[in-house]
Amino acid sequence: MARRSKTAQEAYDIAKPEAEKMGYDLVDAEYKKEGQGMFLRLFIDKRGGIGIDDCEAFSKVIDPILDEKLKCDADFFEVSSPGLTRPLDDISDYIRYQGEKIDVKLFKADESGTKSFTGSIVSAEDGRVVFDKEDGTTSEYLLTDISKAVRHLDF
């Protein structure tokens, strides 16, 4: 979710400090045409997840600020959760989900020959993530070694 249009980046830059004040992480913004209209969407997250009340509260705060400061006029504006299966992109995502199970794919097999695994995040800092794997081992990886990581969902 990291590539943004100029308008989406502008909205992101305006909204980020407001999200932080409210205890949310602004994880992305998009501005795109859907059907006949232009949509501006902001995606927020927090430890424990985002609910409809969070989206509504943030929308009420940020909507008038965007109306005043943003140099575009979207036809529709939404605040949303990034979704349960959104890939973890940067170190802040790993910090937010510390202690949770994650499905991880590596660009190349590690020293044990493993290229994918499920494990809980033990710690995340300085571009490194430590996982307790389901096989009982603990391993550390650079973010640059991880090709994809998503929250593990048990049904």
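Residues numbered from 1 in each chain as written. Predicted model: local features only at pLDDT ≥ 70, side-chain atom pairs only at ≥ 80, totals over all residues. Heavy atoms only, no water.

Note that strand β5 (residues 116-125) and strand β6 (residues 128-133) share 6 bridges and pair antiparallel. Residue pairing for β6: A124 is matched across the bridge by V129. The loop that links β5 with its antiparallel partner β6 comprises 2 residues; one of these, D126, has a positive phi angle of about 50°. In this sheet, strand β7 (residues 138-142) lies alongside β6 in antiparallel orientation, the contact comprising 5 bridges. Bridged to R128 within β7 is L142. Joining the antiparallel neighbours β6 and β7 is a turn of 4 residues, in which G136 adopts a positive phi near 95°. (Pairing = 2+ DSSP bridges. Helix = DSSP H or I, 4+ residues; strand = E, 2+ residues; numbered from the N terminus.)

One can find D93 in helix α3 (residues 91-96). When the C-alpha atoms of D93 and R151 are compared, they prove to be 10 Å apart, with 58 residues separating the residues in sequence. With residues up to four places along the chain from it excluded, the contact list for D93 reads V27, R86, P87 and L88. A polar side-chain atom of D93 sits 2.8 Å from a polar atom in the side chain of R86. (Contact = heavy atoms within 4.5 Å. Polar contact = N/O pair within 3.5 Å; in protein donor to acceptor, adjacent residues only side chain to side chain.)

An α-helix turns once per 3.6 residues; consequently, residues spaced three or four apart project the same way. Taking 1.5 Å per residue as the helical rise, helix α1 (residues 6-21) with its 16 residues ought to reach 22 Å, and the 24 Å between its terminal C-alpha atoms agrees with that figure. A15 marks where α1 bends most, by close to 35°; the proline P17 follows one to four residues later. Listed in full, the buried residues belonging to α1 are T7, A8, E10, A11, Y12, I14, A15, E18 and A19. Where α1 is buried, its residues touch β1 (25-34), β2 (37-45) and α2 (52-69). Positive backbone phi, approximately 85°, marks G23, located one or two places after α1. (Expected span 1.5 Å × (residues − 1). Bend = angle between axes of the 7 residues up to and from the residue. Buried < 20%, exposed > 50% of the residue type's maximum accessible area, 1.4 Å probe, protein only.)

All quantities given are derived from atomic positions and should not be read as evidence of function.
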